[in-house]
Amino acid sequence: MTASTTPSLVDQNPLAAIALMSSAMLIVPVMDIIAKYLSTDLPPLEVTFGRFFFQFLICLVLALATGRFALLRGQQPVINYLRGIFLAAASLCFFTAVKFMSVATAISIFFVEPMVLTILAALILKEQVGIRRIGAILVGLIGAIIILRPNLAEIGLVSLLPVATAFLFSFYLLLNRLYPVTDGLLTIQFSAGLSGSLMLGTALVIANLAGFEDMTFLMPSGSQVGFLALIGLISFAAHGLVVAAFQRGSASLLAPLQYIEIVSATLFGYLVFSDFPDGPTWIGIALIIGSGLYIAHRERKRKSKGQPAIAEV
């Protein structure tokens, strides 16, 4: 799961855009696989904090090395930090989910996000939603129910965390719609890293003081620190690849490529944890992907008619 930015409206270099977006979707699940591995010994809250803290450090070092420290504040710091809070909360929900369920399943459920985004845009932004998109939303939700059903029986309400992730990420995208991104990649990444670290670090302190079970800080080993740093690096790199892709290709070109993430998550999950989706899960995945692609198609039609899109993917 990565943050997105405002994409270009034309395909300036479609082959490069496809290559960059595909690369991002191939490496993002590696971050989730590492988070699942670390969560066997460390609390997901601590793992998520590590992801944002090391992202913050990477951005800080790059800014100091390139003489761009003064630019880190950005033109809209409050909005940038609010974006980071939404992303941190979404990441915490997702990293907690993958502790209990396979990465491929969690990512598949998360991809109800286009449907959630369409609903929220209609409720909050008063966007008009036609009967065909409503039908696509229902199909996608049926797919999510198919995937969720056995997980609800086995692990309970924890299986709904990818849905919570989708809601939080949709609010992030709505925020981008209301306040278009005006700062550079380094500034956005730094703001997300700093605000996420502060929010999650505060939550860690409160959890320790309150003695919340499964949320108490545990001193990571050297190798675990290395893996936490790697998560931060992958997050930074993947976001950079997505931004670079959208600078070269349109959303309509790149949106379908996000589903490569399901394929790579399935592959890595099988290689590392021997997790592989069963038949009904693949049916649910197909329904979610189909509905998501149709919603993207309808958004493209809205743009071609000069109507505002709900949000950029």
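Structure first, text after, so check above.
Remember, it's a predicted structure, so these values are computed and weren't measured experimentally.

Caption draft 1: Summary view of a nonpolar patch on the surface. A grouping of I119, L123, I124, I131, I134, L138, L141, F167 and F171 is seen on the molecular surface, where their side chains present a nonpolar patch of about 810 Å² in accessible area. When contributions to the nonpolar patch are tallied by element, the ones reaching two or more residues are α5 (113-124), α6 (131-155) and α7 (161-178). The element best represented in the nonpolar patch is α6, accounting for four residues. Mapped onto the secondary structure, I134 falls in helix α6. On the basis of relative accessibility, which here comes to 37%, the residue I134 falls in the partly exposed class.

Caption draft 2: Quick peek at α7. Compared with the 26 Å implied by 1.5 Å per residue over 18 residues, the 26 Å span of α7 between its first and last C-alpha is a close match. Listed as buried for α7 are P162, V163, T165, A166, L168, F169, S170, Y172, L173, L174, L175 and N176. Looking at the buried side of α7, the elements it contacts are α3 (77-100), α4 (103-110), α5 and α6.

Caption draft 3: Just the side chain of Q76, in detail. With respect to the element layout, Q76 can be found in the loop between α2 (44-66) and α3. On the basis of relative accessibility, which here comes to 16%, the residue Q76 falls in the buried class. A distance of 3.1 Å separates polar atoms of two side chains, one belonging to Q76 and the other to R83. Contact partners of Q76, with chain neighbours within four places excluded, come to R83, Y179, P180, V181, T182 and D183.

Caption draft 4: Spotlight on the pattern of salt bridges. Scanning the model with the defined rule gives one salt bridge in all. A salt bridge links R177 to E127, with the shortest nitrogen-to-oxygen separation between them at 2.9 Å. Here R177, found in helix α7, pairs with E127, found in the loop between α5 and α6; they are 50 residues apart in sequence, far enough to count as distant. Residue R177 is classed as partly exposed on the basis of its relative accessible area of 28%. E127 sits in the buried class, given a relative accessible area of 11%.

Caption draft 5: The arrangement of the packing of aromatic side chains in detail. Tallying each qualifying case throughout the model produces 13 aromatic pairs. On the numbers, 5.9 Å between centres and 65° between planes, the contact of F110 with F169 is edge-to-face. Taken together, the residues F110 in helix α4 and F169 in helix α7 connect sequence positions 59 residues apart. Take F110 and F169: they sit in the same class, and that class is buried. Taken together, a centroid distance of 4.9 Å and an interplanar angle of 50° make the contact between F111 and Y259 tilted. You can see F111 sitting in the loop between α4 and α5 and its partner Y259 sitting in the loop between α10 (251-254) and α11 (260-273), a full 148 residues away along the chain. Across this residue pair, the class does not change: F111 and Y259 are buried. Aromatic rings pair up to connect F94, F110, F111, F169, Y172 and Y259 into one cluster. The positively charged end of K36 is found above the aromatic ring belonging to F273, 5.4 Å away from the centroid.

Caption draft 6: Looking closely at α6. Taking 1.5 Å of rise per residue, 25 residues should cover 36 Å, and α6 covers 35 Å from first to last C-alpha, within 8% of that figure. Along α6, the largest kink reaches about 40° and is centred on L148; proline P150 follows within four residues of it. Trailing α6 by a residue or two, G156 shows a phi angle of about 80°, which is positive.

Caption draft 7: How the structure looks around the environment of M21. Assignment of secondary structure puts M21 in helix α1 (residues 14-38). Judged by its relative accessible area of 5%, M21 is buried. Taking the C-alpha atoms as reference, M21 lies 5.5 Å from V242; in sequence the two are 221 residues apart. Those residues in contact with M21 that sit more than four places away from it in its chain are V242, A245, F246, L254, L257 and Q258.

Caption draft 8: Spotlight on the nonpolar core. By size, the foremost hydrophobic cluster in this structure holds 68 residues, and its most contacted members are M21, V47 and I231. In this structure V47 touches A35, L38, S39, L42, F95, L228 and I231, once residues within four positions along its chain are discounted. With seven residues, the next largest nonpolar core counts F56, C59, F190 and F236 among its residues.

Caption draft 9: Quick peek at the packing of α2 against helix α9 (residues 222-248). In contact at an axis separation of 7 Å, α2 and α9 are set at 65° when each is read in the N-to-C sense. The hand of the α2/α9 crossing is right-handed. Together, V47, G50, R51, F54, Q55, I58, C59 and L62 of α2 and V225, L228, A229, I231, G232, L233, S235 and F236 of α9 make up the contact between the two elements. Within the contact of α2 with α9, the residues separate by chemical class into eleven nonpolar, four polar and one charged.

Caption draft 10: Quick look at the packing of α5 against α7. Between α5 and α7, the shortest axis-to-axis distance is 9 Å and the interhelical angle comes to 55°. For the element pair α5 / α7, the angle class is oblique. Regarding α5 and α7, the two cross each other, and that crossing is right-handed. Of the residues in α7, those touching α5 at E113, V116, L117, L120, A121 and I124 are A166, F167, F169, S170, F171, L173 and L174. Of the residues belonging to the contact of α5 with α7, the class tally is eleven nonpolar, one polar and one charged.

Calculation rules
- Residues numbered from 1 in each chain as written.
- Predicted model: local features only at pLDDT ≥ 70, side-chain atom pairs only at ≥ 80, totals over all residues.
- Heavy atoms only, no water.
- Patch = residues over 30% accessible without salt bridge, like charges linked within 9 Å, V, L, I, M, F, W, Y side chains within 5 Å.
- Areas by Shrake-Rupley, 256 points an atom, 1.4 Å probe, with all protein chains shown as cover.
- Salt bridge = Lys/Arg side-chain N within 4 Å of Asp/Glu carboxyl O.
- Helix = DSSP H or I, 4+ residues; strand = E, 2+ residues; numbered from the N terminus.
- Buried < 20%, exposed > 50% of the residue type's maximum accessible area, 1.4 Å probe, protein only.
- Expected span 1.5 Å × (residues − 1).
- Contact = heavy atoms within 4.5 Å.
- Polar contact = N/O pair within 3.5 Å; in protein donor to acceptor, adjacent residues only side chain to side chain.
- Phe/Tyr/Trp six-rings, centres within 6.5 Å; stacked < 30°, edge-to-face > 60°.
- Lys NZ or Arg CZ within 6 Å of the ring centre and 35° of its normal.
- Bend = angle between axes of the 7 residues up to and from the residue.
- Core = buried A, V, L, I, M, F, W, Y, C linked by side-chain atoms within 4.5 Å.
- Axes fitted to C-alpha atoms, helices over the stretch in contact; angles between N-to-C directions.
- Left-handed = near helix turned anticlockwise from the far one by under 90°.
- Nonpolar A, V, L, I, M, F, W, Y, C, P; charged D, E, K, R; others polar.
- Parallel < 35°, antiparallel > 145°, perpendicular 65-115°, else oblique.

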